[in-house]
Amino acid sequence: MKKLKYILLLFTLINYGQGVKTFFESPEGKFFISADLHIHTVFSDGSVWPTIRVDEALRDSIDMISLTEHLEYQSHLRDIPHPDRNRSYQIAGGYVKNQPLAVVHGTEITKPMPPGHFNAIFINDANKFFDKEKKALEFNKAIKEANKQGAFVFWNHPHWEANRKDGIAKLDPIHKEIINKKLLHGIEVVNMFTFSEEALDIALENDLTILGTSDVHVLIDWDFNNERESYHRPLTFIISENRTMKSTSDALFKGDTFVWYHDLIIGKEENLKIVAENNFTATSEGYDYDFFNSAESILKVKLKNHSVAPLKLKYTGEYTFHTEFNYIEIAPRSELEIYVKTIDKLEKLVMPFEVLNYVIGSKKNLKINKNISIQ
Ligand SMILES: [Zn+2]
Ligand SMILES: [Zn+2]
């Protein structure tokens, strides 16, 4: 047993690779780990074999997935009887060897609302969520078992219409209790095709990690069209110090994440600032606007979007532009030249922007200043 623990510990310290695609540029010394931490296979109510989930994730250049089979619900039990609840993870984990993808062991604790559904990831044994009679543990015991295994526990789809007829995420006493006892660590603000501003506020007010997941049951392409980047599967990006399981799990517990959903980037203000600083640059091209060879104080500024998501910007500064309105959209991985009428010739310019598609709270978007030095 001791030996097994040692091997498990070693495993968490090994670097895992990176997919071929960079979604967002990260700062020096940080890694943005792309993750889909809520996925189903035939081992609960999904329609595909675990190896297909691995292949889909590799093709989508995702760094980390978790197959989170329902403990309480196995719709294919008649055809696939599988008393060992670790099988889905074992099959995917065995298949993924030597590939740039980390498969994290997880499960979905599936109870009626309240409390609802919860994912526990970084578990080491899903069978321990059952009692001697092979009955799934009741909620409090299951949450305690997850925490005993050192799992990161998050609340799934708190705004699901099947549980909340008005689609509004809210805390019941049982949720407040597990938050107060530090047994709950995160919350989905995005699940499949839905986004909850109320869940985002719950995350911010209760210091829960912000997550977005596909919760996919069918083939990923049937739910999300990979050809259109604006209709990709929802992903959580974990801002990690290293490409190790240990460092990634530490970052999850710390709440260092952001979510990419449609064209939206969703997260805590301090984290979205890091994303914006590294993926949106503004540089001076000098006072060389010379369409009629007579302009003196029209500054050419290059705005560049380094990321996979568009930048939807509203300039809120004092100047007007020569060719654009104050609403500017920069397509993924592209740039735009704008001409700022600065009246006087400046040596430096501060450009304040609201990033309309960077969401930092209910009805709140990120504001940033771009400092531009002019030669
Ligand atoms: Zn669920
Ligand atoms: Zn699920």
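Residues numbered from 1 in each chain as written. Chains lettered and ligands numbered in written order. Predicted model: local features only at pLDDT ≥ 70, side-chain atom pairs only at ≥ 80, totals over all residues. Heavy atoms only, no water.

Participant: Requested: an account of the packing of helix α2 (residues 50-59) against helix α3 (residues 87-95), with residues and values cited.
Facilitator: The description of two packed helices rests on the angle between their axes and on the distance between the axes. Here α2 crosses α3 at 45 degrees, and the two axes come no closer than 8 Å. Compared by their axis directions, α2 and α3 come out oblique. When you trace α2 past α3, the crossing you get is right-handed. Residue-level inspection shows Pro50, Thr51, Val54 and Asp55 of α2 in contact with α3, the latter providing Ser88, Ile91, Ala92 and Tyr95. (Axes fitted to C-alpha atoms, helices over the stretch in contact; angles between N-to-C directions. Helix = DSSP H or I, 4+ residues; strand = E, 2+ residues; numbered from the N terminus. Parallel < 35°, antiparallel > 145°, perpendicular 65-115°, else oblique. Left-handed = near helix turned anticlockwise from the far one by under 90°. Contact = heavy atoms within 4.5 Å.)

Participant: Explain the domain arrangement of the protein residue by residue, including any values.
Facilitator: Put simply, an interface is often sized by how much accessible area is lost when its parts join up. Taken domain by domain, the protein comprises domain 1 (2-267) and domain 2 (279-373). Placing the centre of domain 1 and that of domain 2 at their C-alpha centroids yields a distance of 38 Å. Contacts between domain 1 and domain 2 engage 18 residues on the former and 16 residues on the latter. Three residues stand out in domain 1 for area buried against domain 2, namely Glu197, Asp263 and Ile265, and they jointly supply 35% of the buried area on that side. Linking domain 1 with domain 2 are two salt bridges, by the criterion used here. The interface formed by domain 1 and domain 2 includes eleven residue pairs in polar contact (both at pLDDT 80 or more). (Domains from an automatic or database assignment. Buried area = accessible area lost by both parts, 1.4 Å probe. Salt bridge = Lys/Arg side-chain N within 4 Å of Asp/Glu carboxyl O. Polar contact = N/O pair within 3.5 Å; in protein donor to acceptor, adjacent residues only side chain to side chain.)

Participant: Give a description of the environment of Phe31 that names residues and reports values.
Facilitator: Mapped onto the elements, Phe31 comes out in strand β1 (residues 31-39). With 144 residues separating them in the primary sequence, Phe31 and His175 have C-alpha atoms 31 Å apart. Excluding its chain neighbours within four sequence positions, the residues that come into contact with Phe31 are Ser26, Ile238, Ile239, Ser240, Glu241, Asn242 and Arg243.

Participant: A description of the pattern of salt bridges should follow, citing residues and the corresponding values.
Facilitator: The tally for this structure, following the rule as stated, stands at 20 salt bridges. Here Glu145 ties to Lys148 by a salt bridge, and the two come within 3.8 Å at their closest N and O atoms. Of this pair, Glu145 and Lys148 both sit in helix α4 (residues 139-148), separated by three residues, roughly a single helical turn. Looking at Glu145, the relative accessible area reads 10%, which means it is buried. Lys246 is the partner of Asp250 in a salt bridge, and the nearest nitrogen-oxygen pair spans 2.8 Å. Within this pair, Asp250 and its partner Lys246 are both found in helix α8 (residues 245-254), separated by four residues, close to a single helical turn. In this structure, a network of salt bridges that share partners links the residues Asp36, Arg59, Asp60, Asp221 and Arg233. (Buried < 20%, exposed > 50% of the residue type's maximum accessible area, 1.4 Å probe, protein only.)

Participant: Please set out the coordination of the zinc ion (ligand 1) residue by residue, giving values where relevant.
Facilitator: Protein-derived ligands of the zinc ion (ligand 1) are Glu108 (OE), His117 (ND1) and His157 (NE2), with the metal-ligand distances lying across 2.1 to 2.2 Å. Motif for the zinc ion (ligand 1), donor spacing along one chain: E-x8-H-x39-H. (Donors = N, O, S within 2.8 Å, 3.2 Å for Na, K, Ca; no water.)

Participant: Explain unusual backbone geometry to me, and be specific about the residues and the numbers.
Facilitator: A cis amide bond links Met113 with the next residue in sequence, Pro114, at an omega value of -15 degrees. Tracing the backbone shows Pro114 in the loop between β3 (102-110) and β4 (117-121). The residue after Pro114, namely Pro115, is reached through a cis peptide bond having omega 5 degrees. As for its placement among the helices and strands, Pro115 is situated in the loop between β3 and β4. A positive phi is found at Lys363, a non-glycine position, where the angle reads about 60 degrees. With respect to the helices and strands, the residue Lys363 is situated in the loop between β17 (348-361) and β18 (364-373). Lys363 gets classed as exposed once you look at its relative accessible area, which sits at 73%.

Participant: Tell me about the coordination of the zinc ion (ligand 2), and name the residues and values.
Facilitator: Surrounding the zinc ion (ligand 2) are the protein donor atoms His38 (NE2), His40 (NE2), Glu108 (OE) and Asp215 (OD), at 2.1 to 2.5 Å. Each donor residue of the zinc ion (ligand 2) lies on the same chain, and together they follow the pattern H-x1-H-x67-E-x106-D. A separation of 3.4 Å is found between the zinc ion (ligand 2) and the zinc ion (ligand 1), which are bridged by Glu108. Here Glu108, found in strand β3, pairs with Asp215, found in the loop between β8 (209-213) and α7 (220-223); they are 107 residues apart in sequence, far enough to count as distant.

Participant: Requested: an account of the side chain of His117, with residues and values cited.
Facilitator: Residue position: His117 is located in strand β4. His117 sits in the buried class, given a relative accessible area of 11%. At 3.1 Å, the side chain of His117 forms a polar contact with the side chain of Glu108. With residues near it in sequence (within four places) discarded, His117 still touches His70, Glu108, Ile109, Thr110, Lys111, Phe154, Trp155, Asn156, His157 and Trp160.

Participant: Any details on the pairing of β1? Residues and values, ideally.
Facilitator: Most of β1 sits inside the fold, with eight of its nine residues counted as buried. Here five bridges tie β1 to strand β9 (residues 235-240), and the two strands are oriented antiparallel to one another. Across the sheet, residue Ala35 finds its bridge partner in β9, namely Thr236. Here β1 pairs with strand β2 (residues 64-70) via three bridges, running parallel. The residue of β2 that forms the bridge with Ala35 is Met64. (Pairing = 2+ DSSP bridges.)

Participant: I'd love a proper account of the packing of aromatic side chains, names of residues and values included.
Facilitator: The tally for this structure, following the rule as stated, stands at 17 aromatic pairs. Seen from their ring centres, Phe195 and Tyr261 are 6.2 Å apart, and the 50 degrees between their planes marks the pair as tilted. Here Phe195, found in strand β7 (residues 194-195), pairs with Tyr261, found in strand β10 (residues 257-261); they are 66 residues apart in sequence, far enough to count as distant. A connected cluster of aromatic rings, assembled from ring pairs, spans Phe23, Phe24, Phe32, Phe237, Phe258 and Trp260. (Phe/Tyr/Trp six-rings, centres within 6.5 Å; stacked < 30°, edge-to-face > 60°.)

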